[in-house]
Amino acid sequence: MSKDEAALLCTALGSGDAAARHWTTFTSLFDFDDIWDDERYSLLPAVHVALEGIPGIVEAPRLAGIHRRTWFANQTGLAAAAQTVTLLADGGVPACLHGDLAIAATLCTDLGMRVTGGREILVAAEDAGAALQTLAANGWQRVGQAPLDRFVAHTDGALLTRDRQDRLRLVW
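The text that follows walks through the structure, step by step, so that each part is easy to find. (Residues numbered from 1 in each chain as written. Predicted model: local features only at pLDDT ≥ 70, side-chain atom pairs only at ≥ 80, totals over all residues. Heavy atoms only, no water.)

### Quick notes on the overall build of the protein chain
So, step 1. For the protein chain, the helix and strand inventory stands at eight helices and five strands.
So, step 2. Taken from N to C terminus, the helices and strands of the protein chain fall in the order α-α-α-α-α-β-α-β-α-β-α-β-β.
So, step 3. Whereas a compact globule of 172 residues would reach a radius of gyration of roughly 16 Å, the protein chain reaches 20 Å, over 25% beyond that.
So, step 4. In terms of overall dimensions, the protein chain has a C-alpha envelope of 55 × 25 × 25 Å along the principal axes.
So, step 5. Scored against the burial criterion, the 172 residues of the protein chain give a buried share of 35%.
So, step 6. Long-range contacts, defined here as pairs at least 24 residues apart, represent 56% of the contacts in the protein chain between residues at least 6 apart.
So, step 7. Put simply, the protein chain shows about 9,800 Å² of open surface, and 54% of that area lies on carbon and sulfur atoms.
So, step 8. Taken together, the 14 basic and 21 acidic charged side chains of the protein chain have centroids lying 4 Å from each other. (Helix = DSSP H or I, 4+ residues; strand = E, 2+ residues; numbered from the N terminus. Rg over C-alpha atoms; globule rule 2.2 N^0.38 Å. Buried < 20%, exposed > 50% of the residue type's maximum accessible area, 1.4 Å probe, protein only. Contact = heavy atoms within 4.5 Å. Areas by Shrake-Rupley, 256 points an atom, 1.4 Å probe, with all protein chains shown as cover. Lys, Arg positive; Asp, Glu negative; His and termini not counted. Charge placed at Lys NZ, Arg CZ, Asp CG, Glu CD.)

Here it is in structure tokens:
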């Protein structure tokens, strides 16, 4: 772990003056405007919470915006996931939320604290074919062209898209 990564992690996990000191160290080692990698970016909502209310944090408005954007993305992701789980249940396929969004929904008291990788739905392996067919009947398209029976037998999940912007990972 690099010094800037350690300082950022200590900021995210800290509070008060200690978090502010770690943030000062981080910003002296790394240009805040150059945070594009997922590892650093995913810590920024927690950094916002750790530094909230501390005067003199120049980046506070941007950190608040990242936190707000993360909260909104997780809220809309949960709503979309709930619709998908309901759609599958109505089609006779039991399903549940899975992955980062499930962790955020069950363990985080603040949905803005954790950047999630998107919507993942879990079904039993024996229900994978029925789940894919139910989703296909409702506008979802599987990424990839392998025949469905061979695809389900040799993989543990599928990426699906709808309307070019909506993405879902179905896991079994």
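### Let's talk about the sheet that holds strand 1 (residues 95–98)
So, step 1. Spatially, five strands are ordered 1-2-5-4-3 in an open sheet, and the strand pairing comes out mixed. Strand pairing shows two members of the sheet lacking a second neighbour, strand 1 and strand 3 (141–142), which therefore form its edges.
So, step 2. Sitting on the sheet, helix 5 (residues 60–90) touches strand 1, strand 2 (120–123) and strand 5 (166–171), and the angle it makes with strand 1 is about 155°.
So, step 3. Most of the contacts of helix 7 (residues 128–137) go to strand 5, to which it runs at about 165°, and overall it touches strand 2, strand 3, strand 4 (157–162) and strand 5. (Pairing = 2+ DSSP bridges. Axes fitted to C-alpha atoms, helices over the stretch in contact; angles between N-to-C directions.)

Nothing here speaks to function; it is geometry throughout.
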